[in-house]
Amino acid sequence: MGKKVVTLGEIMLRLSTPGNTRFVQSDSFDVVYGGGEANVAVSCANYGHDAYFVTKLPKHEIGQSAVNALRKYGVKTDFIARGGDRVGIYYLETGASMRPSKVIYDRAHSAIAEADAADFDFDAIMEGADWFHWSGITPAISDKAAELTRLACEAAKRHGVTVSVDLNFRKKLWTKEKAQSIMKPLMQFVDVCIGNEEDAELCLGFKPDADVEAGHTDAEGYKGIFQQMMKEFGFKYVVSTLRESFSATHNGWKAMIYNGEEFYTSKRYDIDPIIDRVGGGDSFSGGIIHGLMTKPNQGAALEFAVAASALKHTINGDFNLVSVEEVEALAGGDASGRVQR
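Residues numbered from 1 in each chain as written. Predicted model: local features only at pLDDT ≥ 70, side-chain atom pairs only at ≥ 80, totals over all residues. Heavy atoms only, no water.

## Here's the deal with the sheet that holds strand β7 (residues 89-93)
Thinking step 1. Strand order in the open sheet formed by four strands is β3-β2-β7-β8, with mixed pairing between adjacent strands. Strands with a single pairing partner mark the edges of an open sheet, and in this sheet they are β3 (30-34) and β8 (102-106). For this sheet, the mean inter-axis angle between neighbouring strands, taken without regard to orientation, is 25 degrees.
Thinking step 2. Of the strand pairs in this sheet, β7 and β8 are connected by five bridges, and their pairing is antiparallel. Within β8, the position partnered with E93 by the bridge is K102. (Pairing = 2+ DSSP bridges. Helix = DSSP H or I, 4+ residues; strand = E, 2+ residues; numbered from the N terminus. Axes fitted to C-alpha atoms, helices over the stretch in contact; angles between N-to-C directions.)

## Quick word on the pairing of strand β13 (residues 250-258)
Thinking step 1. The element β13 is extensively covered by neighbouring structure, given that eight of its nine residues are classed as buried.
Thinking step 2. Bridge count between strand β12 (residues 237-247) and β13: nine bridges; the pairing is antiparallel. Opposite L242, over in β13, you have K254 as the bridge partner.
Thinking step 3. The hairpin turn running from β12 into β13, its antiparallel successor, is two residues long.
Thinking step 4. When β13 meets strand β15 (residues 269-271), the two strands line up antiparallel, connected through three bridges. Of the residues in β15, the one forming a bridge with W253 is Y269. (Buried < 20%, exposed > 50% of the residue type's maximum accessible area, 1.4 Å probe, protein only.)

## Some points on the environment of H60
Thinking step 1. Looking at where H60 falls in the secondary structure, it is placed in the loop between β5 (56-57) and α2 (61-72).
Thinking step 2. Using a relative accessible area of 32% as the deciding quantity, one classes H60 as partly exposed.
Thinking step 3. The contact partners of H60, leaving out residues within four places of it in the chain, are R82, D85 and V87. (Contact = heavy atoms within 4.5 Å.)

## Focus: the pattern of salt bridges
Thinking step 1. Enumeration over the complete set of coordinates arrives at 17 salt bridges.
Thinking step 2. A salt bridge links D106 to R86, with the shortest nitrogen-to-oxygen separation between them at 3.2 Å. Residue D106 is found in strand β8, and its partner R86 is found in the loop between β6 (81-82) and β7; the two are separated by 20 residues along the sequence.
Thinking step 3. For D106, a relative accessible area of 30% puts it in the partly exposed group.
Thinking step 4. You can call R86 partly exposed: its relative accessible area is 21%.
Thinking step 5. We note a salt bridge from K295 to E328, for which the minimum N-O separation is 2.5 Å. Taken as a pair, K295 in the loop between α9 (280-294) and α10 (298-312) and E328 in helix α11 (residues 324-331) lie far apart in primary sequence, 33 residues in all. (Salt bridge = Lys/Arg side-chain N within 4 Å of Asp/Glu carboxyl O.)

## With respect to the nonpolar core
Thinking step 1. Judged by nonpolar contacts, the single largest core of 55 residues is most densely connected at F132, W134, M187 and L204.
Thinking step 2. Once residues lying within four places of it in the same chain are set aside, the contact partners of F132 are V6, T7, L8, M126, A152, C153, A156, V161, T162, V163 and S164.
Thinking step 3. Within the second largest apolar cluster, 52 residues are counted, among which are V5, I271, L292 and L330. (Core = buried A, V, L, I, M, F, W, Y, C linked by side-chain atoms within 4.5 Å.)

This is how it looks when you write it as structure tokens:
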């Protein structure tokens, strides 16, 4: 029986250059829709949960197309407010080898960035929910969206809902000073904190003993940070992905979880070639939510999440379009990629 999962955020129109072409070369864009929490909702819907995505979108056809993109994969759109002027846009140029991918945002004054508390009944939204997920992108898009995030968290706590956050620092949206002033007070509502070393430093002011740029993500360097974060904010779980970037199309991928008593590090995946890494972190969040709700222990939950996100790197678009069975097959050791006949 699926659980009720609620996510809150912005879904954007994504315009990506075809293949690996550069922005200045392209005469056309491929259209998909995506955004941090929307991507998580799609993952949870794929795993059989009742996933609700909460946002505000204009009444026009582009707004409707975004709603339809969610409905196509079984996400429930009952609580999406309609109104406002625009759907946020982001442009994506997919890199290759030593050339990194690039994202250009065109999302100022989007409908959700200018939404009011009156657009949502968070008590109705959280009624009967098992899990609420948000990311650091949502409070970063506007002060109004930060207020919505706080109201949603408060309602979740009133209804006894487990709350997870993916810290997701975006330097194109805010400074680390602004991030910390907004994010730190919100941590009182959070049970499960997800974020890599950079996110923890920029959003919460914690710095691990690890050289990320050089790809030295030593799990030992995280243990002290995880313990400090848990002590300061009272999280039940602290989770981080550990990405080794060899090139835009070749990454090492594993993760680590801490429950206040023991650390668990997942097995490592060598992802080569990467097809589309946008949404990789969101697919991890979707996997850990499913894992912590359904698996017997944190290790099994983490292995599910890492396998799910490894698979996402092979899928075009923001959404991780995989089933529980496909993730379980990989988590269980089948990474051969042989044709299933």
